[in-house]
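Letter by letter, the chains look like this.
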Amino acid sequence: MESGKKRSWAEPFKIKMVEPLKMTTREYRQKCMEDAGYNTFLLKSEDVYIDLLTDSGTSAMSDRQWAGLMLGDEAYAGSRNFYHLEDAVREFYSYKHVVPTHQGRGAEHILSRIMIKDGDYVPGNMYFTTTRLHQELAGGKFVDVIIDEAHDPNSRHPFKGDVDFEKLEDLRKKVGREKIPYVCIATCVNMAGGQPISMANLKKLREWSKEHDIPVIHDATRVAENAYFIKVREEGYKDKSIAEIVYEICSLTDGCTMSAKKDPMVNIGGFLAVNDEELFNKARNMVVIYEGLHTYGGMAGRDMEALAIGIEESVQFDHIRARVGQVEYLGQKLLDEKIPIVVPVGGHAVFLNAREFLPHIDQDQFPAQSLAAEIFVESGVRSMERGNVSKGRNPETGENYRPALELVRLTIPRRVYTQAHMDVTAEGIIDVYQKRDKIKGLKFVYEPAYLRFFQARFEKIG
Ligand code: F0G
């Protein structure tokens with residue numbers, strides 16, 4: 001923006017209730033980190049000052065959502081709140097049928113079980129941890145078809161979530177369409193740094209999918225954030241509302257899995273939504289085995305009510321601009337100090353590039369894991385590793401995957417922290433950056449078999 005014309009935006013809400021935070025000393029935090037085996041997932045939340053572990057289930061609900069909780073119809077079958085949720089999914093996301101689940105991975109589980117057969121391949125615009133695991137447990141193999149730029153933290157491509165059609169076609173020619181049950185497309189790709197997919201790319205994918213008769217399933221967890229980037233970056237969308245763009249994205253796909261703990265700002269919940277009647281019947285039948293009756297899945301009636309309201313709030317422009325704006329604010333503060341982060345700044349988090357931050361630590365000594373621990377000890381800010389630990393081991397070779405992206409994610413909960421919290425966070429990280437040469441790598445002392453990043457324990461090397 002030109003100087004002299006700058007107008008700041010501020011959060012489009014005021015604070016009605018506060019949750020006090022505990023202030024701690026460096027020595028105390030050092031002890032906490034050792035007790036947690038250098039894994040930020042194993043810290044106690046009350047020892048954390050600013051919690052940027054995840055944006056999942058950590059958002060602040062609005063007064064309307066809280067009021068909605070009081071309207072919970074806790075009937076075992078046919079809860080009124082289910083029908084509100086169904087209406088919201090149809091109105092905002094376009095999908096015809098909805099199956100509630102306790103959270104996103106519940107929907108991924110059911111989807112994978114009903115669509116994937118042993119020996120199938122599931123192409124996707126980068127993996128997500130739980131999504132890939134459910135695909136594998138169902139007998140499938142995930143194949144990454146995202147553009148190369150997504151694996152380059154320094155590429156300024158505006159839509160790093162785009163599909164590379166050469167990669168997709170290569171797979172189809174190699175294995176045949178019968179072995180590809182669907183293409184799995186995430187909006188605002190989490191593991192790429194919260195990077196959006198463009199509408200142009202989605203339209204092209206729609207054509208490809210019709211030509212080859214392969215459905216597209218959408219991980220809609222952060223679809224509103226993606227819609228914001230389309231509005232501000234893609235030609236032809238400037239004057240469209242976020243709601244219109246969200247609807248258009250969803251209309252280009254055949255169904256979705258949703259972790260409602262993100263965009264729609266509830267503390268728990270999710271769903272699977274599809275247009276196809278037959279698939280719906282299969283999903284509705286399976287949900288009763290693993291989650292609950294098809295009109296509540298894993299949720300209480302009150303949770304479904306808060307979710308229906310949250311869906312509507314998530315597509316409001318003032319909300320989403322402030323949400324993404326706050327993430328960009330933190331990212332810019334770090335860029336101003338030449339801290340290596342993934343660019344462009346994503347929709348839900350700022351990702352530190354641990355390879356460049358700690359070039360002296362080999363990837364098998366988990367630089368991102370170590371950096372996340374160090375940031376907590378320095379500042380009380382909790383972040384999350386998204387690199388070699390998260391990616392896991394190749395089941396065929398047993399080796400760590402050593403992904404191109406070795407990142408620490410500073411994930412901003414929606415409507416929870418203020419700009420001053422972002423300032424304090426940036427200052428803590430700048431201090432760590434100045435002492436980066438002294439930071440050491442880690443080794444496993446306990447490595448769980450599945451999703452190892454959640455419960456693994458480490459000790460310092462040397
Ligand atoms: N898909 C994406 C893109 C996600 O980010 C998540 C969760 C899920 C699916 C699974 O949903 O947690 O409700 O079962 N992401 C959280 C995170 C855990 O911190 O990024 P869930």
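Look a little higher up for the structure.
I will try to describe carefully the structure that is included in this document.

Definitions and limits used
- Residues numbered from 1 in each chain as written.
- Predicted model: local features only at pLDDT ≥ 70, side-chain atom pairs only at ≥ 80, totals over all residues.
- Heavy atoms only, no water.
- Salt bridge = Lys/Arg side-chain N within 4 Å of Asp/Glu carboxyl O.
- Helix = DSSP H or I, 4+ residues; strand = E, 2+ residues; numbered from the N terminus.
- Buried < 20%, exposed > 50% of the residue type's maximum accessible area, 1.4 Å probe, protein only.
- Polar contact = N/O pair within 3.5 Å; in protein donor to acceptor, adjacent residues only side chain to side chain.
- Contact = heavy atoms within 4.5 Å.
- Phe/Tyr/Trp six-rings, centres within 6.5 Å; stacked < 30°, edge-to-face > 60°.
- Lys NZ or Arg CZ within 6 Å of the ring centre and 35° of its normal.
- Arc of directions from axis to C-beta.

Here the focus is the pattern of salt bridges. Counted according to the given criterion, the structure contains 31 salt bridges. A salt bridge links arginine 64 to glutamate 312, with the nearest nitrogen and oxygen atoms 3.5 Å apart. Here the residue arginine 64 occupies a position in helix 2 (residues 63-69), and glutamate 312 occupies one in helix 11 (residues 301-314), the gap between them amounting to 248 residues. Taken together, the shared-partner salt bridges in this structure form one network comprising Asp55, Arg222, Glu225, Arg323 and Arg414.

In this fold, glutamine 103 is placed in the loop between strand 2 (97-101) and helix 4 (104-115). Looking at glutamine 103, the relative accessible area reads 12%, which means it is buried. Reaching out from glutamine 103, the side chain makes a polar contact with the side chain of lysine 261 at a distance of 3.3 Å. Among residues more than four places away in sequence, those in contact with glutamine 103 are Met258, Lys261, Ile268, Gly269 and Gly270.

What follows covers the packing of aromatic side chains. The tally for this structure, following the rule as stated, stands at twelve aromatic pairs. Centre to centre, the rings of tyrosine 228 and phenylalanine 317 are 6.3 Å apart; their planes meet at 35°, and the pair counts as tilted. Residue tyrosine 228 is located in helix 8 (residues 223-233), and its partner phenylalanine 317 is located in helix 12 (residues 317-336); the two are separated by 89 residues in the primary sequence. Pairing phenylalanine 453 with phenylalanine 454 gives two aromatic rings, centres 4.2 Å apart and planes at 45°, and the pair type is tilted. For phenylalanine 453, a relative accessible area of 3% corresponds to the buried category. Feature note: the residues Phe41, Phe453 and Phe454 constitute an aromatic cluster, connected by ring pairs. Here the guanidinium or amino end of lysine 391 rests over the ring plane of tyrosine 401, the centre of that ring lying 5.1 Å away. Across the ring face of tyrosine 433, the terminal group of arginine 436 is positioned such that the distance to the ring centre comes to 3.9 Å.

All buried positions along helix 1 (residues 26-35) are accounted for by Arg29, Cys32 and Met33. All buried residues of helix 1 fall inside an arc of 95° around its axis, so they share one side. Tucked inside the fold, the buried residues of helix 1 contact helix 14 (367-379). Directly beyond the C-terminal end of helix 1, a positive phi value near 60° is found at glycine 37.

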